[in-house]
Amino acid sequence: MPAKRRDIFDTALVLLSIASSFVAVYLISQDPEFLNLASLSCGHHHHHHEDNDPKAQTFECPTNSTDSVCSGRGSCQAELCTCEEGWVGEDCSQPWCPNDCGGRGTCYQGFCVCDNGWAGTGCGIDRLEVSAGSMLEGVDFDAFSDSSECHFLAKDLFDNVTSDGKFGKFEYTSEGSGGEERRETYRFPLDKMGSLPNTCPDYRFKTCAFVGNSGTMTLSTFGKEIDAHDMVYRFNQAPTAGFEEQVGSETTFESLNAKHAHNLLRQTQAWNWRDPVPIYLLFEPLKLKETLTDVHDKYPEVQILVLSPTFFRKAHEIYNALQLALEWREFGCFSGEKPMSGFYALLIAATMCDTISMYGFEPWEDWMSKGGSDIHYHYFDMEEPRPGAHSFDATYFMYKTVELSGKLGLTLKTSELVERERSRKGAATQPST
């Protein structure tokens, strides 16, 4: 089948399967016992688990039915129907879903209500595979990988001086609350320019490893593989000592959010000084400008970079475009406050890496916090995710979309033990938001 016709066929198949899922969700929404399976406003499905296997449950035999006992698909014992494999219901009249919806959905009255990202009668169609290419239409990754613009604050960005002679400045375009473009002026104190590199840093690496802090890394043995990369990027003081087998020990760059950047300056908590000290990277050029200069004054030997406001704006534009594309295709409604650190890092990787491997970026899922799971939010502590801070499923869908598209040379690495643990817990695969 020609590629174009195949794409049209795949898209039509997904649309039909989505329609059947909405029928199932509607039916479920009419049944108070199963209301927690449906969330019609955002397309999220929450999973209802019975204590026993529904296929093996027994029900009261209908005493006044003219049909054959238990619909001919089970036996009646003490006024209870015990259904044969593949049938459920009080009279064994409802078919069970094929292959238990592949572990990617919930079965109700013969319909599979698929988890976000999956479709089909048995939830066997990966919707991202079908739509990845179209979702990235108009997303300009070349603005990062091939742009001559500097992505970090550097002295040579500042092409003018304020009238009082105290600040260097340059203009850039931002987006107003109504979506309109406007010109902004970025200022930096001239007497603090020593904290910035003279010219735009230009890094190039063949292979890059970005190591996330997911608790799933406790089930991995990626350490040696990670350290074999030309560049290794870590986040927010995640420790390596004692976790070398899982996460490796090398660090080239380390992202610091506002909390950790302030701690580097104030030392309110012990600081994990890696050896050698990596290049620190701050994402927020407006919020952390003063922190950058203060850290440089305190630790002049530490190399620290800040994203330029132009890069920061482009990152948000791409994030917003991908989020809208996911919502338009009914992958869910996403309410995270801002992009996660890993999303900024992925775009940074586009400027400096030939190939990118991302480890430990699995989304936080319901099963990880239930049933005595040993997996926590971080691989190194017991911290819980802050509700509303990020949309874990949206960001993971974005990573997966980029991987499936073949752009940026991205590969998402997942340990087989994570999948085994997910199966062992009988887990739903829908990420938490």
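Look up: the structure comes first, before these words.
On a predicted model such as this, the values are computed, not experimentally measured, just so you know.

## Notes on the pattern of salt bridges
Moving on, step 1. Under the defined criterion, the tally for this structure stands at 10 salt bridges.
Moving on, step 2. The shortest N-O distance in the salt bridge between Arg 274 and Glu 254 comes to 2.9 Å. One end of the pair, Arg 274, is in the loop between helix H6 (258-266) and strand S16 (279-282); the other, Glu 254, is in strand S15 (residues 253-256), with 20 residues separating them in the sequence.
Moving on, step 3. Residue Arg 274 is classed as buried on the basis of its relative accessible area of 8%.
Moving on, step 4. Classification of Glu 254 as buried rests on a relative accessible area of 0%.
Moving on, step 5. With its nearest N and O atoms 2.4 Å apart, the salt bridge here joins Arg 313 to Glu 317. With Arg 313 and Glu 317 both in helix H8 (residues 309-328) and 4 residues apart, the pair spans about one turn of that helix.
Moving on, step 6. According to the relative accessible area criterion, Arg 313 is buried, its value standing at 14%.
Moving on, step 7. Of the residues examined, Glu 317 reaches a relative accessible area of 33% and is grouped as partly exposed.
Moving on, step 8. A network of salt bridges, in which partner residues are shared, links Glu 181, Arg 313 and Glu 317.

## A word on helix H10 (residues 392-405)
Moving on, step 1. The terminal C-alpha atoms of H10, which comprises 14 residues, lie 20 Å apart, in line with the 20 Å expected from a rise of 1.5 Å per residue.
Moving on, step 2. Summarising burial for H10: 11 of the 14 residues are buried, a large majority.
Moving on, step 3. Those residues of H10 not exposed but buried are Phe 392, Asp 393, Ala 394, Thr 395, Tyr 396, Phe 397, Met 398, Tyr 399, Thr 401, Val 402 and Glu 403.
Moving on, step 4. Here the buried face of H10 lies against helix H2 (127-135), H8, helix H9 (341-352), strand S18 (353-359) and strand S19 (410-413).
Moving on, step 5. Gly 406, located one to two residues past H10, shows a positive phi value of around 80°.

## Quick notes on the environment of Ser 214
Moving on, step 1. Mapped onto the elements of the fold, Ser 214 is located in the loop between strand S13 (205-211) and helix H4 (223-227).
Moving on, step 2. Each C-alpha atom, one on Ser 214 and one on Tyr 379, is 5.7 Å from the other, the two residues being 165 residues apart in sequence.
Moving on, step 3. Among residues more than four places away in sequence, those in contact with Ser 214 are Gly 360, Phe 361, Glu 362, Tyr 377, His 378 and Tyr 379.

## Quick word on the packing of aromatic side chains
Moving on, step 1. Enumeration according to the criterion identifies 23 aromatic pairs in this entry.
Moving on, step 2. Seen in terms of ring centroids, Phe 170 and Tyr 172 are 6.4 Å apart; in terms of plane orientation they differ by 55°. Their pairing is tilted.
Moving on, step 3. Taking the relative accessible area as the measure of exposure, Phe 170 reaches 6% and is therefore buried.
Moving on, step 4. On the basis of relative accessibility, which here comes to 10%, the residue Tyr 172 falls in the buried class.
Moving on, step 5. Through a chain of ring-to-ring contacts, three or more aromatic side chains come together here, namely Tyr 203, Phe 205, Phe 210, Tyr 233, Phe 235, Phe 253, Phe 361 and Tyr 399.
Moving on, step 6. For Arg 73, the ring lying beneath its charged end belongs to Trp 87, and the centroid distance is 3.9 Å.
Moving on, step 7. Geometry around Tyr 186 places Lys 289 over its ring, the cationic atom sitting 4.5 Å from the centre.

## Let's talk about the sheet that holds S16
Moving on, step 1. As summarised here, the arrangement of the 7 strands in space is S17-S16-S15-S14-S13-S18-S19, forming an open sheet in which the pairing is parallel. Each edge of the sheet is formed by a strand with only one pairing partner; in this case those strands are strand S17 (304-306) and S19. When strand polarity is set aside, the average angle formed by the axes of neighbouring strands in this sheet is 25°.
Moving on, step 2. With 3 bridges connecting them, strand S14 (residues 231-235) and S15 associate as parallel partners. The partner of Tyr 233 across the bridge, within S15, is Phe 253.

## Comments concerning the nonpolar core
Moving on, step 1. Residues Phe 210, Met 231, Tyr 233, Met 352, Ile 356 and Met 358 are the most contacted members of the largest nonpolar core, which totals 53 residues.
Moving on, step 2. Setting aside anything within four residues of it in sequence, one finds Met 358 in contact with Phe 210, Gly 342, Leu 346, Tyr 399, Leu 410, Thr 411, Leu 412 and Lys 413.

## Re empty space enclosed by the protein
Moving on, step 1. Applying the stated rule across the entire model yields 2 cavities of 30 Å³ or more.
Moving on, step 2. A volume near 30 Å³ is recorded for the second largest cavity.
Moving on, step 3. Lining the second largest cavity are Met 358, Gly 360, Phe 361, Glu 362, Tyr 396, Leu 412, Lys 413 and Thr 414.
Moving on, step 4. Split into classes, the residues belonging to the lining of the second largest cavity amount to 4 nonpolar, 2 polar and 2 charged.

## Quick word on the pairing of S18
Along a regular strand, successive side chains alternate from one face of the sheet to the other.
Moving on, step 1. Where burial is concerned, most of S18 is hidden: 5 out of the 7 residues are buried.
Moving on, step 2. For S13 and S18, the ladder comprises 6 bridges, and the chain directions are parallel. When the sheet's bridge partners are listed, Phe 210 is paired in S18 with Met 358.
Moving on, step 3. Pairing analysis gives 4 bridges linking S18 to S19, with the strands arranged parallel. Residue pairing across strands places Met 358 opposite Leu 412, the latter belonging to S19.

Conventions used here
- Residues numbered from 1 in each chain as written.
- Predicted model: local features only at pLDDT ≥ 70, side-chain atom pairs only at ≥ 80, totals over all residues.
- Heavy atoms only, no water.
- Salt bridge = Lys/Arg side-chain N within 4 Å of Asp/Glu carboxyl O.
- Helix = DSSP H or I, 4+ residues; strand = E, 2+ residues; numbered from the N terminus.
- Buried < 20%, exposed > 50% of the residue type's maximum accessible area, 1.4 Å probe, protein only.
- Expected span 1.5 Å × (residues − 1).
- Contact = heavy atoms within 4.5 Å.
- Phe/Tyr/Trp six-rings, centres within 6.5 Å; stacked < 30°, edge-to-face > 60°.
- Lys NZ or Arg CZ within 6 Å of the ring centre and 35° of its normal.
- Pairing = 2+ DSSP bridges.
- Axes fitted to C-alpha atoms, helices over the stretch in contact; angles between N-to-C directions.
- Core = buried A, V, L, I, M, F, W, Y, C linked by side-chain atoms within 4.5 Å.
- 1 Å grid on protein atoms, 1.4 Å probe; cavity = no way out; pocket = protein on both sides within 12 Å on 5 of 7 lines; lining within 4 Å.
- Points joined across faces, edges and corners; volume = space filled by probe spheres on them.
- Nonpolar A, V, L, I, M, F, W, Y, C, P; charged D, E, K, R; others polar.

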